[in-house]
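Below, each chain spelled out in residue letters.
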Amino acid sequence: MLRRWSRQVIVALAPDRLSALLVGGIGRRRLLDRQAISLPTLTNSWETTLPALEELFSESAWRGHRLHIVLSNHYVHYQALARSKGLTSGEILKLAAVQFAETYGELAADWDIRISPPSRDGSTLACGVPSG
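Let us look at the structure shown here.

Structural notes on the pairing of strand E3 (residues 30-38)
Then step 1. The pairing of strand E2 (residues 17-24) with E3 spans 8 bridges and is classified as antiparallel. Paired with Ser19 across the bridge in E3 is Ala36.

Okay, here's the thing in structure tokens:
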């Protein structure tokens, strides 16, 4: 029997459904269970999928494992940051915040922003989601 700590739950949140995989195994991973929960209405905010998450975790087999959540691109906003070579990661993050504010205005004020490692030419990809 696989130990609970060797299992993980991967949840994908999309506007129309929540999809979940329970994978486990030491070394080679294998699919142990999967579940899809249709959402009653299309959502513009990933927070509205929380009741579906509660439904998933109401089953004991899905609780107590490492959890990875993947958001649909529907909920994530992107910016390409050109030639940020020579800037620290903190400076690149500030640049991304400025670009998001210029593009999305007040909507971007409370976003959680992440940046990818810079490529060889110094360009970077930034993504932002509401921090709530």
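Some details on the side chain of Gln35
Then step 1. Assignment of secondary structure puts Gln35 in strand E3.
Then step 2. Within the local environment of Gln35, its side chain forms a polar contact with the side chain of Glu59, the two groups lying 3.4 Å apart.
Then step 3. Filtering out sequence-adjacent residues up to four positions away, Gln35 remains in contact with Leu18, Ser19, Ala20, Leu56, Glu59 and Trp62.

Structural notes on the pattern of salt bridges
Then step 1. For the structure on display, the rule yields 2 salt bridges.
Then step 2. As a salt-bridge pair, Asp16 and Arg17 come within 2.9 Å of each other at their nearest N and O atoms.
Then step 3. Assessed through its relative accessible area of 34%, Asp16 is described here as partly exposed.
Then step 4. Given a relative accessible area of 37%, Arg17 falls into the partly exposed group.
Then step 5. Residue Arg114 pairs with Asp112 through a salt bridge whose shortest N-O separation is 2.8 Å.
Then step 6. Asp112 sits in the partly exposed class, given a relative accessible area of 32%.

Comments concerning the sheet that holds strand E5 (residues 77-81)
Then step 1. Judged by pairing direction, the sheet is antiparallel, and its 3 strands sit side by side in the order E5-E7-E6 without closing on themselves. In this open sheet, the two edge strands, each paired with only one partner strand, are E5 and strand E6 (111-115). Each neighbouring strand pair of the sheet contributes to a mean axis angle of 25°, computed without reference to strand direction.
Then step 2. In the sheet, E5 pairs with strand E7 (residues 124-130) via 5 bridges, with the strands oriented antiparallel. Note on E7: the bridge partner recorded for Gln79 is Ala126.
Then step 3. Against the sheet, helix H2 (residues 89-104) makes contact with E5, E6 and E7, and its axis sits at roughly 120° relative to E5, the strand it touches most.

Regarding the pairing of E2
Then step 1. Where strand E1 (residues 7-13) and E2 come together, 7 bridges link them in antiparallel fashion. Each bridged residue has a counterpart across the sheet, and for Gln8 the counterpart in E2 is Val23.
Then step 2. Where E1 hands over to E2, the hairpin turn is made up of 3 residues, counted between the paired strands.

The rules we used
Residues numbered from 1 in each chain as written. Predicted model: local features only at pLDDT ≥ 70, side-chain atom pairs only at ≥ 80, totals over all residues. Heavy atoms only, no water. Pairing = 2+ DSSP bridges. Helix = DSSP H or I, 4+ residues; strand = E, 2+ residues; numbered from the N terminus. Polar contact = N/O pair within 3.5 Å; in protein donor to acceptor, adjacent residues only side chain to side chain. Contact = heavy atoms within 4.5 Å. Salt bridge = Lys/Arg side-chain N within 4 Å of Asp/Glu carboxyl O. Buried < 20%, exposed > 50% of the residue type's maximum accessible area, 1.4 Å probe, protein only. Axes fitted to C-alpha atoms, helices over the stretch in contact; angles between N-to-C directions.

Any link to function would need more than the numbers given here.
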